[in-house]
Amino acid sequence: MLLSYLRDRLRLTGTKYGCGGGGCGACTVMVSRYQPGTKTILHYSANACLLPVCQLQGAAVTTVEGIGSTKTRVHPVQERIARAHGSQCGFCTPGMVMSMYTLLRNTPQPTMEDIREALGGNLCRCTGYRPIVDGFRTFCQESNCCQGNGNGTAGCCLDGESPPEKSGNLFDQGDLLPLDPTQELIFPPELILMAQTEPQMSQRFIGENIVWISPVSLDELIQLKADHPQAPLVIGNTNIGPDIKFKGALHPIIISPTRVQELFAVTRTAQGVYIGAGCSLSVVKALLEGLVQELPEEKTEIYRALLQQLGNVGGQQIRNVASIGGNIVSAYPNSDLNPVLAAGSCKLSVVSKGGRKEILLNKDFLVGFGKTSLKPDEIVLSVFIPVSRKWEFMGALRQAPRKENALATVTSGIRVMFTEGSSVVKELSICYGGVGPCTVSASRTCAAIIGRPWNEQTLSEAYTVLLDEISLSPSHPGGKVDFRRSLTLSLLFKFNLQILHKLWEMVRTGSGIRPLPNQLQPGIQVFQPVVNGQSVDDQVGRPVMHHSAISQATGEAVYCDDIPKTDGELHLVLVTSTRPHAKIRGIDVTEALQVPGVVDVITSKDIPGKKFRTFTGVDEELLAENEVSCVGQMVCAVIADTREQAKRGAAVVKIHYEDLPEPVFTVEEAMEKKSYFQPQRTIERGNVTQAFEEVDQVYEGEIRLGGQEHFYMETQSMVVVPSGEDRELRVYLSCQHPTYAQESIAETLGIPSNRVSCHVKRVGGAFGGKVTKTSAIACITSVAAWRSGRAVRCVLERGEDMLITGARHPVLGRYKVGFMNDGKIIAADLHYYANSGNTADESVLVVEKVLLHLDNAYNVPNLRGHSVACKTNLPSNTAFRGFGVPQSMLVTENMINDVAMKLEGGLDMLTLHQIREINMYKEVSLTHYKFQFDPKNLLRCWDECKEKSDYDSRRQAAGEFNQKNRWKKRGLAVIPIKYGIAFSEGFLNQAASLVHIYKDGSVLVSHGGTEMGQGIHTKMQQVASRELHIPTSFIHITETSTSAVPNTCPSAASFGTDANGMAVKNACETLYRRLEPVRKQNPTGTWESWVKKAFLQKISLSATGYYRGHDLYMDWEKQEGQPYAYFTYGACCSEVEVDCLSGDYRTVRTDIVTDIGRSINPSVDIGQIEGSFIQGLGLYTMEELQFSPSGVLLTRGPSQYKIPAICDIPLQFNVYLLSDSDNPHAIYSSKGIGEPVLFLGSSVFFAIKDAVAAARAEAGMDGPFTLDSPATPERTCLACNTDFTQKIPPSRPGSFKPWALNIP
Ligand SMILES: Cc1cc2nc3c(=O)[nH]c(=O)nc-3n(C[C@H](O)[C@H](O)[C@H](O)COP(=O)(O)OP(=O)(O)OC[C@H]3O[C@@H](n4cnc5c(N)ncnc54)[C@H](O)[C@@H]3O)c2cc1C
Ligand code: FES
Ligand code: FES
């Protein structure tokens, strides 16, 4: 593929690997081709991971390196994403840049919609997308667009809104580099010449395993297909590519017909249009858009239905290469096009040696999973799409786990033809995807409607037939069975509304078809400017750009796998368990060792030192020796000359297992078997048991919260290089805790720590997932390097990473709450069961933190909590941003919701926020672990949030909206947070630094924190700048290294800046003091002159800094302690609109107010706030890890696991930093912010719950109800309890094997 060619052969490492399957956009490049016919050049974005190099004959490929660099000129796209703070860890940035660059090459003055569409296929796990959009918005030349400055003319995007509150700009737009299309790279003239003059010849590329044939004429293609009927025709490679890569499909011969012109021809007739089967979906989309503009509306029903679907197929990069013929012939069960084409009576022209024929694209053509009735030697030449007739209507409706770039759960194409002038149905065709092995035609249902008038009675009978006709087995692959069945009904109902709307312009029920709002508005970011008189050189408090944002945007930033190969370097691939619980009877590596290139297979027996890794005192096996306890556990590792060879070797390692009985997967099973990690924790204040006797009401409830994959864009990566002498090892890795990796490696190899140096330049996202798990893999990689004496590289593929490295702990929370009729909660008893997986890892610490935060912002006088880490046979879960707090507080807030709904029947949500207020801490108080604090700023955040979000009037407006709309409901929620900062294990709060001043005045700062996008290096530069009184341009921060600063603590717990900032400050203070004599001697001298002088005067220009940190503790025996240095506070109001028929929702607006003291860098802090909020939104509303009934993780890539994309961000997203807040407990009065806001993503969850409550109220249902997290469209739709969901008979639990387990 082009990606490995660029990275490995050409050493162009700016293009990144994020998933290898077209799902993340990290590998985006621009492909340009000369079109001899039109003499134009076509530019399109494409995923290099799916682009076969053989297919690029005659094409020019532009990578991020090609458009600009720090050595030449930075391109405006690169500059703007960097300056707008759109690059945090930077791993997604080159892909974003290339998507935007390609858009600008085609459309130099794009609209916001163009930008949104262009970025739809690019994922970012750090930023929350807002700053990326804002950076690129500056290219938007819409005449009235004010770029968010609120000074637009008539029709301004902010019309009707109050002008944004200004506090200074996060980035200055005044001096941005202008975009000058004339300065762009030109298409290579030699390629134009080649296309114009060179005769087209067929080509053959013969590789190790594949022969690639590219014919130029149709006859040649037909002959090739006759000779090699089993050879696939590869056009976009978006089906065949992933099949080869992920399913191991073998194709010794591949035919690539991209130069056969007939496959790309478009012919129009009065009856419709013939579209060449090779045309890309983007070309088809543009063509249909043109036809819709040109033809009378009644003729374009089918075209418009197709356009509706085409906008949703994959991301832009996929649509640019995937062909319409490929989509049809791939015959996916949930293809979006086939149901529309089939319902629309489209035809295919098919050719082979036997001649040409036309066949209808219908159920006789789509015969099974990935199967059509095409004979192996037949080729689809074109697709005929007819124009629609008068009285004919067509609809295409779908529901997917994410609004864009996600395969549909259910998709449909429905066409009806009425008898002229009447409502009697003459023809009807209903086709669904996602409810069977292939596109399914509901012909019985159609038969029940045809000939009858299209009215409620006909349809109501039709629903019964449809339900019977499309009856899925409860074990249907993909699960969501009740949801799918209800969608078949509700999509038909939505089509009905469309028809009614078209015929009679309905109003109230029209809400069923109106799309959810989608227009991104400029957000507001308010922060406190620095005080008047602060020196311009003092950068503290200013929105300084991330220190390596520009090199991240140009692709020059070096991540672990970008490090050039050393001579003789080997690649390591892990072999993991395929059984959830089994004895290992033997590991046979004979065949693996015979694979060419394989050098060794490492098993537990090969570990020279300690075979365990120890964290928090618990031992965990590095490689399973005698027994495995989950699918995905590491058993051995194959090393080979290339990664492909190592993969081949790993595939033939034979592990003989003897299954052990009854693996435990869920927390219920763990509870039954008392399968827990010790210790369990309990905490109580007051007398809960007695208090329950005295309250007016008692309610018991529960909520389940699923896990969350870290999905850092850079997968686990490391290179271990033995130095060849003194048993020294240099380890380059992407991790948050280099010291732990160093110690673990030393122990594993049985050598002292002083022989192992760990180096972290930057981390492409971590979120807690690169502490323990990285160290374990680094130990194994080090054993391989140790044994072979050669450098060994291990970079996990996305699927391996997701399988092996665990996730956030899923939690079951149960509670009993006692309250008075006035809403005051008097007693609460909460139980938390965390699914920890097969090893302890940090689970006990996680469940401790769960208990420490269970009060959130509420002063419940009698409060008891109990938490356990359940040991199960799933992959071991680990730290994840928030470390148990997001789980803990969701349970608490859900409990409060239930109390409100109990008291008011769930109708008046004004009461809900009042109940929060009634129970909030009001004055200096003690927490349930007797920690004294002042909630003043918590209450300020709460009040400001309500005020800034205009909560009361929007609450009222939502009520009015809900009255007027039957099928769309709006919901609001305001959620507070009180989050403890620092490690409760006091020793982890220390930090050190090393600062050198060189003779030219330049300063090199090293500290113990790792840069993983959170901007710690930038903040350390700012600290050093203030303390040394010099501009940041003098200061450089290179890698984090255990050789420079030893015995570091993990960059975690939102404490990195607090600890390392103080250590850097300490070192700089020392140096500045040392310079005092020379400064005094020459007060008007320059920094450089003082430094030079100091050297001549033999003053040491190097100093270490140290920070002891807070002496925190938690005494679980006494149930009291000082586990935190202070609290970060915040409040967030979110409003959503929910489509009750499909469960789809859109966050209309979010306002966050946070107290982060005096921000050291508002742009970095706002970046953390927005990014963690969106990650929380993902946790609570979208991201679903699914395990098979035998414990196999099914969601192993962006195709199955959906993190928020640009389509998921709030349409208006405002962030306010609380002003005039001081914090004596942290550097420069700042506060930690990396983790707290993640929980505020739950405001979207509770807003959805609020909207669902409104839907239920309309269906006559009041009171508390269950909505588990994540509130996916499936759960939301089923909770709405519409007429359609009620029709679905529930499957009897225990009577079938579900497709996926209900975890926790
Ligand atoms: C990340 C991602 C997201 C996606 N999202 C969606 C989505 O939301 N909805 C959706 O419907 N699809 C989706 N797809 C599927 C995508 O649309 C199809 O894979 C694509 O259209 C196939 O076209 P291709 O040219 O890439 O096929 P290729 O992979 O090149 O070929 C696919 C198959 O079609 C056969 N074939 C191709 N052309 C012909 C022809 N002319 N005659 C006979 N046989 C032919 C080949 O022999 C081969 O077996 C997604 C795919 C990816 C990778
Ligand atoms: S790496 Fe190519 S799309 Fe993810
Ligand atoms: S900055 Fe986008 S993934 Fe990190």
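Since this is a predicted model, take the numbers as computed values, not measurements. (Residues numbered from 1 in each chain as written. Chains lettered and ligands numbered in written order. Predicted model: local features only at pLDDT ≥ 70, side-chain atom pairs only at ≥ 80, totals over all residues. Heavy atoms only, no water.)

Undergrad: Go over the site of ligand 1 with me, naming the residues and quoting the values.
TA: The full set close to ligand 1 counts 32 residues, and Ile235, Thr238, Ser323, Tyr332 and Asp336 are the nearest of them. With respect to ligand 1, the backbone of Ile235 contributes an N or O atom lying 2.7 Å from an oxygen atom. Arg398 places a polar side-chain atom, nitrogen or oxygen, 3.4 Å from an oxygen atom of ligand 1. Within the complex, the protein chains bury 93% of what would otherwise be the 980 Å² of accessible surface of ligand 1. (Near = heavy atom within 4 Å. Polar contact = N/O pair within 3.5 Å; in protein donor to acceptor, adjacent residues only side chain to side chain. Areas by Shrake-Rupley, 256 points an atom, 1.4 Å probe, with all protein chains shown as cover.)

Undergrad: Outline the packing of aromatic side chains, listing residues and values.
TA: Applying the stated rule across the entire model yields 21 aromatic pairs. Relative to Phe933, the ring of Tyr921 lies with its centre 4.9 Å away and its plane at 85°, an arrangement referred to as edge-to-face. With Tyr921 in the loop between helix H28 (909-919) and strand S36 (925-926) and Phe933 in strand S37 (residues 932-933), the pair connects residues that are 12 residues apart, well separated along the chain. For Tyr921, a relative accessible area of 0% puts it in the buried group. By relative accessible area, which is 5% here, Phe933 ends up buried. Arranged with centres 5.0 Å apart and planes meeting at 85°, the rings of Phe1245 and Phe1246 form a pair that is edge-to-face. Comparing Phe1245 with Phe1246 shows no difference in burial state: the two are buried. Taken together, the aromatic side chains of Tyr921, Tyr929, Phe931, Phe933, Tyr1124, Phe1127 and Tyr1129 make up a single cluster linked through ring pairs. If you follow Lys816 out to its NZ or CZ, it ends over the ring of Phe692, 4.5 Å from the centre. In this structure, Lys978 is placed above the aromatic ring of Phe1127, and the distance from its NZ or CZ to the ring centre is 4.7 Å. (Phe/Tyr/Trp six-rings, centres within 6.5 Å; stacked < 30°, edge-to-face > 60°. Helix = DSSP H or I, 4+ residues; strand = E, 2+ residues; numbered from the N terminus. Buried < 20%, exposed > 50% of the residue type's maximum accessible area, 1.4 Å probe, protein only. Lys NZ or Arg CZ within 6 Å of the ring centre and 35° of its normal.)

Undergrad: Explain the sheet that holds strand S48 (residues 1212-1217) to me, using residue names and the numbers behind them.
TA: Across a sheet, strands are paired by hydrogen bonds formed along the backbone, either parallel or antiparallel in direction. Sheet architecture is open: five strands sit in the order S18-S48-S47-S46-S38, paired in mixed fashion. Where the open sheet ends on each side, the last strands, each with one partner, are strand S18 (525-526) and strand S38 (968-981). Direction of pairing for strand S46 (residues 1126-1139) relative to strand S47 (residues 1145-1155): antiparallel, over a ladder of 10 bridges. Bridged to Glu1135 within S47 is Arg1149. (Pairing = 2+ DSSP bridges.)

Keep in mind these values describe shape, not function.
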